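# Per-entry structural report
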Amino acid sequence: EAEVAQSPRYKITEKSQAVAFWCDPISGHATLYWYRQILGQGPELLVQFQDESVVDDSQLPKDRFSAERLKGVDSTLKIQPAELGDSAMYLCASSWGPGLAAPAHEQFFGPGTRLTVL
Amino acid sequence: AQKITQTQPGMFVQEKEAVTLDCTYDTSDQSYGLFWYKQPSSGEMIFLIYQGSYDEQNATEGRYSLNFQKARTSANLVISASQLGDSAMYFCAMREGERNQFYFGTGTSLTVIP
């Protein structure tokens, strides 16, 4: 069964270091989402890609966070420098994309990367 | 304004009983979708059920049903015959707009009591 892959599953880093997370969506999925989920809260959208283009990054702290999906397939989310408040679960999800009949736009989530900043 | 509101931070239910988790939403779109996800302590997000804004009948998936009341902008999740494995966080979410933007609520923690 097709799954969204994420790596690493766990990351511990020190404040001011750089970290990077990788996501490989389900094959053929045009839309890719990165979420941040702080413990006890709901996922917060950081960035949404349609193929290789960013369609929403309004909640992405652009002074330290960057995201890319160069070939419209897999994606990387980077934090530089990491801060204590960045400790959270980072979830990647993918869906077929807009313009399709429901529920094709259901999001499929990866297992997440749990980041701890010391 | 919050797009998705879940007013129950925590709920308890006796095993084998039914439970309703509340969700209200805010959108100006005519076409939108409503989702419920389950997140166990292991962290993965598991899709449970979907309701489209034009669907006239309430969605059902096994023991899950979605009580969709469009006029009240509510999309409550009903879990029948609760099981111990249902203990988890439950998130209501909405898709809207041409770009398939998703919004999640703050979640409800459900505990099933033996």
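Conventions used here
Residues numbered from 1 in each chain as written. Chains lettered and ligands numbered in written order. Predicted model: local features only at pLDDT ≥ 70, side-chain atom pairs only at ≥ 80, totals over all residues. Heavy atoms only, no water. Contact = heavy atoms within 4.5 Å. Buried area = accessible area lost by both parts, 1.4 Å probe. Salt bridge = Lys/Arg side-chain N within 4 Å of Asp/Glu carboxyl O. Helix = DSSP H or I, 4+ residues; strand = E, 2+ residues; numbered from the N terminus. Nonpolar A, V, L, I, M, F, W, Y, C, P; charged D, E, K, R; others polar. Buried < 20%, exposed > 50% of the residue type's maximum accessible area, 1.4 Å probe, protein only. Pairing = 2+ DSSP bridges. Disulfide = S-S within 2.5 Å.

## Some thoughts on the interface of chain A and chain B
If you look at the interface, chain A gives 20 residues, while chain B gives 17 residues. For the pair chain A and chain B, the two sides together bury roughly 1700 Å², of which 55% comes from carbon and sulfur. Summed over the shared surface of chain A and chain B, the number is 0 salt bridges. Elements that contribute at least two residues to the side of chain A that touches chain B include exactly β4 (31–37), β6 (53–56) and β9 (88–95) of chain A. Residue contributions to the side of chain A that touches chain B peak at 3 residues, all from β4 of chain A. Across the side of chain A that touches chain B, the residue classes break down as 10 nonpolar, 8 polar and 2 charged.

## Focus on the pairing of strand β9 (residues 74–79) of chain B
Residues and elements named next belong to chain B. Within β9, 5 of the 6 residues are buried, leaving the element largely enclosed by the surrounding structure. Taken together, the 3 bridges between strand β3 (residues 19–21) and β9 define a ladder with antiparallel strand orientation. Among the inter-strand pairings, Val19 is bridged to a residue of β9, identified as Ile79. Strand direction decides the pairing type here: strand β8 (residues 64–69) and β9, joined by 6 bridges, are antiparallel. When the bridges of β9 are listed, Leu66 appears paired with Leu77. Taking the residues that link successive antiparallel strands as the turn, the β8-β9 hairpin has 4 residues, and the phi of Thr73 there is positive, at about 45°.

## Brief notes about the state of the cysteines
Going through the model one piece at a time under the given rule, you end up with 2 disulfides over all chains. Between the sulfur atoms of Cys23 of chain A and its disulfide mate Cys92 of chain A the distance is 1.9 Å. Here the S-S torsion is close to -70°, and the disulfide linking Cys23 of chain A with Cys92 of chain A is therefore left-handed. Taken together, the positions of Cys23 of chain A in strand β3 (residues 19–24) and Cys92 of chain A in strand β9 put the pair 69 residues apart, joining distant regions of the chain. Pair check on accessibility: Cys23 of chain A and Cys92 of chain A agree, each one buried. Covalent S-S linkage joins Cys23 of chain B and Cys92 of chain B, the inter-sulfur distance amounting to 2.0 Å. Taking the sign of the torsion about the S-S bond as the criterion, the disulfide between Cys23 of chain B and Cys92 of chain B, at about -65°, is left-handed. Pair noted here: Cys23 of chain B is in the loop between β3 and β4 (24–25) and Cys92 of chain B is in strand β10 (residues 88–96), with a separation of 69 residues, a long-range link. Each of the two residues, Cys23 of chain B as well as Cys92 of chain B, counts as buried.

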